[in-house]
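Each chain, written out:
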Amino acid sequence: MQLTNRAKQVSNKEMTLAEKMYLPAVVGGLAITIKHFFRKKPTIQYPEVKKYLGPIYRGHHVLKRDEQGRERCTACGLCAVACPAEAISMVAAERKKGEEALYREEKYAAVYEINMLRCIFCGLCEEACPKQAVYLRHDRMVPVFLERDEVIYGKDRLVESLDDRYIRKNSEVATTPTEPSLTRSTT
Amino acid sequence: MEDTKPQLLTVTIDGIAVEVEPGTTILQAARKIGPDVAPPAMCYYQPLKGSGGKCRACLVRVAAGSAKDPRPMPKLVASCLTAVQDGMVVENTTNPQVIDARNGIVEFLLLNHPLDCPVCDQAGECDLQNFAFDHGKATTRYEEDRRTFEKKDIGPYIQLHMTRCILCYRCVYTADQITEKRVHGVLGRGDASEIGTYIEKAIDNDFSGNVIDVCPVGALTDKTYRFKNRVWFTKPVDAHRNCPTCSGKVTLWYRGDEVIRVTARKNEWNEVTEFICNTCRFETKKTSDWIIEGPTKVSRSSVISANKYRADLEKPSFGKRLAAAEYKPIHDERDMSQLNIQQLPPERFAKTLPSAVEPEP
């Protein structure tokens with residue numbers, strides 16, 4: 001019985017020996033393989049070779065120093081209150097006489113810790129900072145850690161060293177009026 | 001017999017009528033309506049006699065002086081000093097002239113303010129910060145050098161940052177009220193005026209610490225709390241103790257298990273109603289000294305409530321009010337009795353959203 005006239009007759013005839021060898025298909029497949037063999041490889045041999053991730057990549061945190069090498073952070077706590085993951089904690093201290101070359105403001109962060117297990121690299125701390133002190137480096141990632149006690153980054157690993165300054169050219173970053181360089185107030 | 005009760009006066013502020021007793025100021029009448037209508041106050045402090053009229057932050061426009069004389073007042077008036085009259089019509093936030101004047105006031109108050117909020121201990125509970133956030137601009141037009149002063153210690157516990165002072169005179173009135181002699185005042189004139197204690201004399205009074213709570217900015221700060229922590233990382237808890245000199249009702253500010261600051265309790269207008277003594281404020285900073293009453297209610301909009309999770313935290317009623325205002329009842333005219341369905345209880349067919357009902361106070 002035939003319900004529609006779209007039924008197709010199939011033949012069950014046995015293939016010949018030449019057909020059974022699938023030669024044209026094998027040659028065609030091999031040609032593709034050989035073509036790829038001589039192509040430029042897109043794989044990047046990480047970690048030996050690292051790709052440039054762009055100027056707005058949010059990587060390793062850095063606590064900036066100013067032109068004179070003084071720490072910019074004044075432990076205002078805005079990064080910590082902005083942090084959605086609550087990864088940042090700090091303890092403030094008052095600058096003593098004779099430490100003016102070390103710290104920019106009369107208050108500084110004696111302890112500044114970022115828990116890298118908690119951090120989601122959203123960059124809100126960078127946005128919140130009124131002193132342009134905390135940045136997420138675009139050129140460096142937080143390395144893989146193997147032990148849990150390696151994850152809490154203190155000031156020893158966050159403050160930028162003077163021979164390894166972090167520079168990001170971003171014309172859109174404007175100084176806020178609270179910056180002493182603009183308001184010219186001295187405290 | 002004549003009614004001995006004083007006649008109540010009706011005032012209309014921003015279109016909301018309120019009945020107040022004679023002698024009430026416009027500011028107090030507006031506060032009676034609620035925080036949405038109340039003008040900001042930088043220098044007026046209800047518990048302090050004579051305060052107010054200095055900062056001009058509370059300027060309002062009086063559109064009609066009274067029912068008998070409905071002419072408008074020619075200039076904006078300071079609402080903290082102007083008494084209400086029957087039939088007075090006041091425009092506060094509804095008048096662009098008032099808003100414009102307040103923007104100007106913020107700019108003037110910030111002329112000499114160092115804007116060192118990241119360093120200042122008052123940040124987060126600062127009246128000037130709130131006022132500037134509501135009315136200020138992000139930039140400054142001021143190009144001259146700001147006035148600078150040296151930091152000064154007033155007594156062993158209080159530090160004066162004259163650079164931050166806005167000369168509201170609140171601390172002067174406090175010192176006048178707590179002492180017999182005049183020990184605390186303003187020296188100099190104009191730009192050079194300065195809060196000072198005569199001949200650098202420290203206030204030895206037992207209640208001198210209250211000038212810290214009274215100060216609307218970070219000019220007078222607690223030296224025992226200096227740079228300890230930011231207010232929004234600390235947890236306020238109401239507590240009391242048996243104090244022989246004061247009421248002993250305070251707010252403790254915790255960081256972890258440690259009391260890092262003790263302040264007097266403030267009402268919703270940021271005013272201290274019961275002043276506390278220096279022993280309570282500076283010397284009893286152990287949990288064992290206090291009887292804990294429970295967490296302080298913090299306004300949802302305050303930065304102090306950031307990152308604090310509580311089940312009974314009061315959410316702003318704005319969303320609910322908006323939902324109630326925009327809710328349209330569904331006109332379902334179908335005859336349910338003809339449908340052979342199970343009859344649902346009538347509250348399932350309530351025409352108003354249960355969430356749209358205003359929460360009972």
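Quick look at the overall build of chain B now. Secondary structure summary: chain B contains 7 helices and 14 strands in total. Counting only residues that meet the buried cut, chain B has 35% of its 361 residues in that class. Relative to all contacts within chain B whose residues are 6 or more apart in sequence, the contacts with residues 24 or more apart total 62%.

A few words on the overall build of chain A. A tally of regular secondary structure across chain A gives 6 helices and 5 strands. Moving toward the C terminus, one meets the helices and strands of chain A in the order α-α-β-α-β-β-α-β-β-α-α. Sequence separation of 24 or more characterises 74% of the internal contacts of chain A that already satisfy a separation of 6 or more.

For the rest of this paragraph, the subject is the interface of chain B and chain A. Across the boundary between the two partners, chain B contributes 21 residues, which contact 20 residues of chain A. Per-class residue counts for the side of chain B that touches chain A are 11 nonpolar, 5 polar and 5 charged.

Residue and element names in this part refer to chain B. Direction of pairing for strand β11 (residues 235-240) relative to strand β12 (residues 249-255): antiparallel, over a ladder of 6 bridges. Within β12, the residue paired with V237 across the bridge is L252. Direction of pairing for β11 relative to strand β14 (residues 291-295): antiparallel, over a ladder of 4 bridges. Residue pairing for β14: D238 is matched across the bridge by G294.

What follows deals with the packing of helix α2 (residues 96-109) of chain B against helix α3 (residues 127-135) of chain B. Packed helices, taken two at a time, are described by the angle their axes make and the gap between the axes. Residue and element names in this part refer to chain B. Across the interface, α2 lies against α3 with an axial gap of 9 Å and an inter-helix angle of 135 degrees. When the axes of α2 and α3 are compared, the pair comes out oblique. Crossing hand, α2 versus α3: left-handed. Here R102, N103, V106 and L109 of α2 lie close against α3, whose contacting residues are L128, F131, A132 and H135. For the contact of α2 with α3, the per-class residue count stands at 5 nonpolar, 2 polar and 1 charged.

Low-confidence regions, as indicated by low pLDDT, have predicted coordinates that should not be scrutinised in detail. With 89% of its residues at a pLDDT of 70 or more, chain A shows a mean pLDDT of 84. Low pLDDT, under 50, characterises residues 171-187 of chain A; the predicted model gives this stretch 26 contacts beyond four residues in sequence or across chains.

Glancing now at the domain arrangement of chain B. How large an interface is tends to be reported as the accessible area lost when its parts come together. Residue and element names in this part refer to chain B. By the assigned domains, chain B splits into domain 1 (9-109), domain 2 (112-138 + 147-227) and domain 3 (229-296). Using only C-alpha atoms to locate each centre, domain 2 and domain 3 end up separated by 20 Å. On the side of domain 3, 15 residues touch domain 2, which itself brings 15 residues to the contact. Tallied by class, residues from the side of domain 2 that touches domain 3 come to 5 nonpolar, 5 polar and 5 charged.

All names here are of chain A. Read from one edge of the open sheet, 3 strands run β2-β3-β5, paired in antiparallel fashion. Every other strand in the sheet has two partners, leaving β2 (88-94) and β5 (152-153) as the edge strands with one partner each. By the bridge criterion, 2 bridges tie strand β3 (residues 107-115) to β5 in an arrangement that is antiparallel. Opposite I114, over in β5, you have Y153 as the bridge partner.

Right, let's talk about helix α4 (residues 170-178) of chain B for a bit. Within the sequence span of α4 of chain B, burial applies to R170, C171, V172, Y173, T174 and A175 of chain B. On its buried side, α4 of chain B packs onto β8 (184-187), β9 (194-197), α5 (210-214) and β10 (220-222) of chain B.

Of note, the bond from Y46 of chain A into P47 of chain A is cis; its omega dihedral lies within 30 degrees of zero at 5 degrees. When you line up the elements, P47 of chain A lands in the loop between α2 (23-37) and β1 (61-63). Phi angles above zero are rare outside glycine, and A75 of chain A is one such case at about 55 degrees. Inspection of the secondary structure puts A75 of chain A in the loop between β1 and α3 (78-82). One non-glycine residue, L115 of chain B, lies in positive phi territory at about 55 degrees. With respect to the helices and strands, the residue L115 of chain B is situated in the loop between α2 and α3.

Rules and cut-offs
- Residues numbered from 1 in each chain as written.
- Chains lettered and ligands numbered in written order.
- Predicted model: local features only at pLDDT ≥ 70, side-chain atom pairs only at ≥ 80, totals over all residues.
- Helix = DSSP H or I, 4+ residues; strand = E, 2+ residues; numbered from the N terminus.
- Buried ≥ 20, exposed ≤ 12 C-beta atoms within 10 Å, placed from the backbone.
- Contact = placed C-beta atoms within 7 Å.
- Nonpolar A, V, L, I, M, F, W, Y, C, P; charged D, E, K, R; others polar.
- Pairing = 2+ DSSP bridges.
- Axes fitted to C-alpha atoms, helices over the stretch in contact; angles between N-to-C directions.
- Parallel < 35°, antiparallel > 145°, perpendicular 65-115°, else oblique.
- Left-handed = near helix turned anticlockwise from the far one by under 90°.
- pLDDT = per-residue confidence, 0-100.
- Domains from an automatic or database assignment.

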